[in-house]
Number of protein chains: 2
Amino acid sequence: MQLDNRKKEVLHAIVDDYVSTNEPVGSKSLIERHNFQVSSATLRNDMAELEHMGLIEKPHTSAGRIPSDKGYREYVNSLMTIEELSPREQLEIEKRIDSSVDEVTDLIKNATHTLSEATGFVSLAMSPRLRKSFLKQLKILMIEPGKALVIMVLSAGVVKDKVVRIPNFISDEQIMKISGAIEKNLTGKPLDEITLVTVETAGKGTEVPEPLLKQVLYEAYAAIKQADELNIYLEGEHRILELPDFSSLGRARDLLGTLSDSGMVAGYVNEMENSRDHSTDDSFMIRIGQEIALEGLDDCSFITATYNLTDSVSGNIGVIGPKRMLYSKVISQIDFVKKKLNKEMQRFT
Amino acid sequence: MQLDNRKKEVLHAIVDDYVSTNEPVGSKSLIERHNFQVSSATLRNDMAELEHMGLIEKPHTSAGRIPSDKGYREYVNSLMTIEELSPREQLEIEKRIDSSVDEVTDLIKNATHTLSEATGFVSLAMSPRLRKSFLKQLKILMIEPGKALVIMVLSAGVVKDKVVRIPNFISDEQIMKISGAIEKNLTGKPLDEITLVTVETAGKGTEVPEPLLKQVLYEAYAAIKQADELNIYLEGEHRILELPDFSSLGRARDLLGTLSDSGMVAGYVNEMENSRDHSTDDSFMIRIGQEIALEGLDDCSFITATYNLTDSVSGNIGVIGPKRMLYSKVISQIDFVKKKLNKEMQRFT
DNA sequence: ATTAGCACTCTATCCCTTCGAGTGCCAACA
DNA sequence: TGTTGGCACTCGAAGGGATAGAGTGCTAAT
């Protein structure tokens, strides 16, 4: 069945009212608050149909209706209109992000924090996916016998390092030879094309005894792989408790419990990113309620956008909030933060 | 008034019972659960006196008694006996911390996580206070025109780095000269004795034009100062919600709100550390309820111990849990984790 | 297709009662 | 003087109606 115009308006109105009042909405209050040119009985008929179609539901027989996941989905896909943030709100966000940090990571954390403050929800960001960026420099610095620091400068303007163990009796000079060889042969190679074999090949020809060489090369490889690992930044978890939607302790507990396993959340965001439809240039991903395959997020919506550090290096930033949220507002907030982030990131590349 | 022996036993019993049942304890149940050789009426008299002394209080006229902050304090100071962890528990902790990480920071995070899991409370750790450690190496690595990485190796076995801005047109060679000069002159100096002036003096004599030199020296100084900054690691905030003590949403919200400002918590821990009584070798700090000068922690106890990375470089690790906790158990857990941490840290120095 | 009217449903809220654990105090006792 | 049994009293928690109010579905009329 198709939604005729009035039914669309009714659904739109129900979502709006429910979002703003947090009470199931009935046919009568719908008439009161909106300019429907029909009677409440007519709306009741419409609502019965919307319910039949699975777009709204009632908590109990004699209560008003609330949107179902499917209803929110319809609202987000076809009904709502995104409006720009007010200049005031824009300014507020720009002011908080502008801080002239020197590292991309700080910029991202900064943006995440700002987003959480602006929306009042939990916000999160993934670190840039660096597998498509390539090595610009790689140095190995001896720290003390048996310990060295591998420093990598990547094309995306990111610096990574890792402390590694090396053989105790290897000399400074030997380390420098190896480091030079790796750098010479691997510079320009994207991280996802660097394997243990590549590194070992790159290090061949170095005049360093085999077992020593092999261990250092392995550690260098491990450092490079670690640089490629994804991090997730979560902010504002405590704001959950301010929301009436999570006033039932149990829900709040489940949600925070799940969020505390940041690895799992990161994995999920990654999965979302991979299944994203890249054919459109719309970089938003929206998951509503049960669409989210994480425990305890049944009452949440999960919205992320993709930011770009370079053409081929990107990450995600977004929020986890209650399903009952002002979608149009939140989406423009995320969009604005994302754009600001993209702009600021140009400084680094 | 002095506490006679029986009153001590009564207080002890009240704390124990309240901790284990989470219900105000009355004279009758006290008799039932413990082997007092007197009647409940006698205990009632004792309890009235304990209340008069401010050690216990009643939620309402006709309820049992619960320990006051002062009562817990007395319990912690004089009544409880610390028992060792069972071998089983020890093993559990050792297993989780043993992981052979290569950086001190990871080790600390690891320990913090373990402590939170073991206690079921929020745990936290401060990064080592590095001001007494000294520079062993300082390198400045050019990343790209206008950007460099300052790398510092400290005596405590810690590596720190920071991306800094440098003049666009400075040469690799000039940077190396400056870096060499700083390293040569400042190696061996404790961080807290390094000031902007010290760094500028160290860099004198370098054959680099004044304004360029000055900016690089300033950035190097800033990097050193940043290495000295304290970090705090918090773990397991979500566990708060599992505790019956914080089932009243409002309290949980206040607590998590306060904890979300990690800078503030860090400042408080620092203050505690500074006011610690260093004359005894007891490295525990215990703050109960209102003794904690942080909003929303009225129902909490805050217990930390001091770990040592080297003789002069230390940090704190501990928990924030409900006042109504098994103090002896929690203290031995912290103690055990701290000792394990100290042991593992020897690898790094 | 829309509407007015009506009987029905279900929850939230308030009030009242009852129950029980606990207290304080008093008088008696060792 | 410290201890005890007894007793009246207090207060919160739990349970049981009763009521009000918002909302629904259905029917018959327009």
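Okay, so let's go over this structure. (Residues numbered from 1 in each chain as written. Chains lettered and ligands numbered in written order. Predicted model: local features only at pLDDT ≥ 70, side-chain atom pairs only at ≥ 80, totals over all residues. Heavy atoms only, no water.)

Residues and elements named next belong to chain B. Strand order across the open sheet formed by 5 strands is 7-3-10-9-8, with antiparallel pairing between neighbours. Each of the sheet's edge strands pairs with one partner strand only, and the pair in question is strand 7 (232-235) and strand 8 (285-288). Within the sheet, the average angular offset between the axes of one strand and its neighbour, ignoring direction, is 15°. Here strand 3 (residues 122-126) runs beside strand 10 (residues 314-322); their pairing, made up of 4 bridges, is antiparallel. Looking at strand 10, one finds that L124 is bridged to G318. (Pairing = 2+ DSSP bridges. Helix = DSSP H or I, 4+ residues; strand = E, 2+ residues; numbered from the N terminus. Axes fitted to C-alpha atoms, helices over the stretch in contact; angles between N-to-C directions.)

What follows covers the relation of the copies chain B and chain A. Of the transformation placing chain B onto chain A, the axial shift is 0.0 Å and the rotation is 180°, giving an RMSD of 0.1 Å. Look at the turn and shift together and you get a two-fold axis relating the two. Among all residues of chain B, the minimum C-alpha distance to the rotation axis is found for L249 of chain B, at 3.3 Å. The share of interface residues of chain B whose copies in chain A are also at the interface is 100%, consistent with both copies meeting through the same surface. (Least-squares fit on C-alpha atoms with pLDDT ≥ 70 in both. Contact = heavy atoms within 4.5 Å.)

All right, on to the sheet that holds strand 10 (residues 314-322) of chain A then. Residue and element names in this part refer to chain A. In spatial order, the strands read 7-3-10-9-8; together these 5 strands make up an open sheet with antiparallel pairing. Of all the strands in the sheet, just strand 7 (232-235) and strand 8 (285-288) have a single pairing partner and so form its edges. Each adjacent strand pair in this sheet contributes to an overall mean axis angle of 15°, direction not counted. Of the strands in this sheet, strand 3 (122-126), strand 7, strand 8, strand 9 (300-308) and strand 10 touch helix 11 (residues 262-274), which is tilted by about 70° from strand 9.

Contacts to DNA strand D come from 22 residues, most closely from S27 of chain A together with R6, S39, T42 and S62 of chain B. Counting only atoms of DNA strand D within 4 Å of the protein, the fraction found in sugar and phosphate groups is 76%. Within the contact set of DNA strand D, a phosphate oxygen lies 3.0 Å away from a side-chain nitrogen or oxygen of K58 of chain A. One of the side-chain nitrogen or oxygen atoms of S62 of chain B is found 3.1 Å away from a base oxygen of DNA strand D. Secondary-structure elements contributing two or more residues to the surface near DNA strand D are helix 2 (27-33) and helix 3 (40-52) of chain A together with helix 3 (40-52) of chain B. Split by residue class, the surface near DNA strand D holds 4 nonpolar, 13 polar and 5 charged. (Near = heavy atom within 4 Å. Polar contact = N/O pair within 3.5 Å; in protein donor to acceptor, adjacent residues only side chain to side chain. Nonpolar A, V, L, I, M, F, W, Y, C, P; charged D, E, K, R; others polar.)

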